[in-house]
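What follows is each chain in one-letter form.
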Amino acid sequence: MQIGVGQLTFTFSFPEEGAKDGAQETEGNGSAASVASAAVRSKPERKRKWHSLIDKVYSKRNLESAWQHVAANRGAAGVDGVTIGRFAERAEERLAQLAEDLRRKTYRPQPVRRVNIPKSGGGERPLGIPTVRDRIVQQALMQVLQPIFEAVFNTRSHGFRPERGCATALDVVERALSYGYTHVVDADIQTFFDTVDHEKLLDAVNEEVADGSVLRLIRHILRAGVQLPEAARTEPTELGTPQGGPLSPLLANIYLNRLDWRMMQARYGLVRYADDFVIFTKSESEAAEALRLAQEVLEGELGLKLHPEKTRVVSVDTGFEFLGFHYFRDPKTGVQCKEVRHKSVQRFRDAIRQRTPRLRTQRRVKEKHATLRRLARNKRIGQIIHSVNGFLRGWHWYFKSIRARTPRFEKEGPFAQFDYFVRRRVRMAITGRVGSGWWTVRITNHVLQSLGLLSLAELNMKYQQGQLYAPTRKD
């Protein structure tokens, strides 16, 4: 079914009972779909390469559209200190100059600003922040290249693609489990974005794009360098694609497209989201063969490395993790379940803690002052609840399909433990006190609800009743 220029929708086709083949995905093209051609071919048929694309990149219409996307996504300033607001003051003039630089081939991206983001499991994750000007160029380049590569991308890839995302990847996982796949290759590519080979990536781009100006532009972006935190020096980038730019996800999909087609040719049930993927098989031996093929492609051909401790072959009963969920089979009931994985629980707690701070200078509230009327007039409390509610809406929508396993919360529902933590943190932010005390009796759940605090359990009940829809960006 056509959904855009050179784009098709695809379905994940599962075998009937008794079939010996692994999970497949087949092309849906009108009323008839050719299962054989999609399963056998190693890569899509090409009609021609694309030439003369650079003028499409720096066209006024494309740059203005790119600027609108960058402005909507907001984001911090890069190494030049120019913010979205400052760029907007002279946006038309700046875009015209940017177009001229691209046309004359004098444009050079500045180094990305490196910031380190704490990881829930400990340690830090590096993130590169390009300048606003460079983000616009990357977005403009992505808008031109994405339709071209969408026509050759494999259906096994779901990350950062039109009409695809976490929801479609998780839906495939659910259906794979329901069709009796017994083993999973739970894989993790070690420091993927830091180890991408530039030459191999440019070769992959060159398979579809023959415009030398576009290829040189991508090379300049890849080798712009990184300015380290609290340091004046710039570190060169001989490998990798810095996370944080609009172009990085597309380049990642281009680089890993070879893996998608090789696994599909071998008829393995691969589901990939960016650099995170799982492979479904019918037996442990088949899973081991799938893992060997993945290592051959990733390590032997692409120069990447699978994490030795995080990559494993496991049974579906034992459990595996993918995109924030932990899938497992309940040993008591034999029911296939899924819950929020431990790292995602930690991220939830960290996000709530950030939104419910206890100020150092905060005066402890007296019990007689903790009335609903006084609390409702407090602007700080209102801002805290507003911030928490926005996070809860989005978080619930993503994890709405979990099933509780903890006995303490089985009867109350899968979100009870999360609601308990949220309310405890909000009470602490209001009173400046931790633990139990009069505030747990005085500031009841009903009081918090009257102040507007949302409950994940109630959100889930509304969803089950068909009264809740996907939250908007504004929410």
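In case you missed it, the structure is sitting above this.
As the structure is a computational prediction, the values presented were derived from the model and not from experiment. (Residues numbered from 1 in each chain as written. Predicted model: local features only at pLDDT ≥ 70, side-chain atom pairs only at ≥ 80, totals over all residues. Heavy atoms only, no water.)

A. Layout of the overall build of the protein. Scanning the protein for helices and strands turns up 19 helices and 15 strands. Sequence-distant contacts in the protein: of pairs separated by 6 or more residues, those separated by 24 or more amount to 70%. (Helix = DSSP H or I, 4+ residues; strand = E, 2+ residues; numbered from the N terminus. Contact = heavy atoms within 4.5 Å.)

B. Just the sheet that holds strand E13 (residues 320–322), in detail. As summarised here, the arrangement of the three strands in space is E13-E14-E15, forming an open sheet in which the pairing is antiparallel. In the strand order of this sheet, the two ends are held by E13 and strand E15 (336–340), each with one partner. Strand-to-strand twist in this sheet, taken as the mean axis angle between neighbours without regard to direction, amounts to 30°. Here E13 runs beside strand E14 (residues 325–329); their pairing, made up of three bridges, is antiparallel. (Pairing = 2+ DSSP bridges. Axes fitted to C-alpha atoms, helices over the stretch in contact; angles between N-to-C directions.)

C. View of the sheet that holds strand E7 (residues 183–188). On the basis of which strands lie adjacent, the open sheet formed by four strands has the order E10-E11-E7-E12 and antiparallel pairing. Across the chains shown, the open sheet's two edge strands, defined by having one partner strand only, are strand E10 (269–273) and strand E12 (312–315). Strand-to-strand, the axes of this sheet are offset by a mean angle of 20°, without reference to chain direction. Note: E7 against E12, four bridges, orientation antiparallel. When the sheet's bridge partners are listed, Val185 is paired in E12 with Val313. Lying over the sheet, helix H7 (residues 166–178) contacts E10 and strand E11 (276–281), oriented at roughly 155° with respect to E10. Lying over the sheet, helix H12 (residues 284–301) contacts E7, E11 and E12, oriented at roughly 145° with respect to E11.

D. Highlighting the pairing of E15. Where burial is concerned, most of E15 is hidden: four out of the five residues are buried. Hairpin connection between E14 and E15: a loop of six residues separates the two successive antiparallel strands, and Gly334 in this loop has a positive phi of roughly 75°. (Buried < 20%, exposed > 50% of the residue type's maximum accessible area, 1.4 Å probe, protein only.)

E. Representation of the pairing of E11 in the model. Counting buried residues along E11, five of its six residues qualify, which places the element largely inside the surrounding structure. Across six bridges, E7 lies against E11 in antiparallel orientation. The residue of E11 that forms the bridge with Ala187 is Phe277. As judged from the five bridges shared by E10 and E11, these two strands associate in the antiparallel manner. In the sheet register, Tyr273 faces E11, and the bridge partner there is Asp276. Hairpin connection of E10 to E11: two residues between the antiparallel strands, including Ala274 at a positive phi of 55°.

F. Expanded view of the side chain of Thr281. Checked against the element boundaries, Thr281 lands in strand E11. Taking the relative accessible area as the measure of exposure, Thr281 reaches 0% and is therefore buried. Among the polar contacts made by the side chain of Thr281, one reaches the main-chain carbonyl oxygen of Ser283 at a distance of 3.0 Å. With near-sequence residues (within four places) excluded, Thr281 lies in contact with Tyr181, Thr182, His183, Tyr268, Glu286, Ala287 and Ala290. (Polar contact = N/O pair within 3.5 Å; in protein donor to acceptor, adjacent residues only side chain to side chain.)

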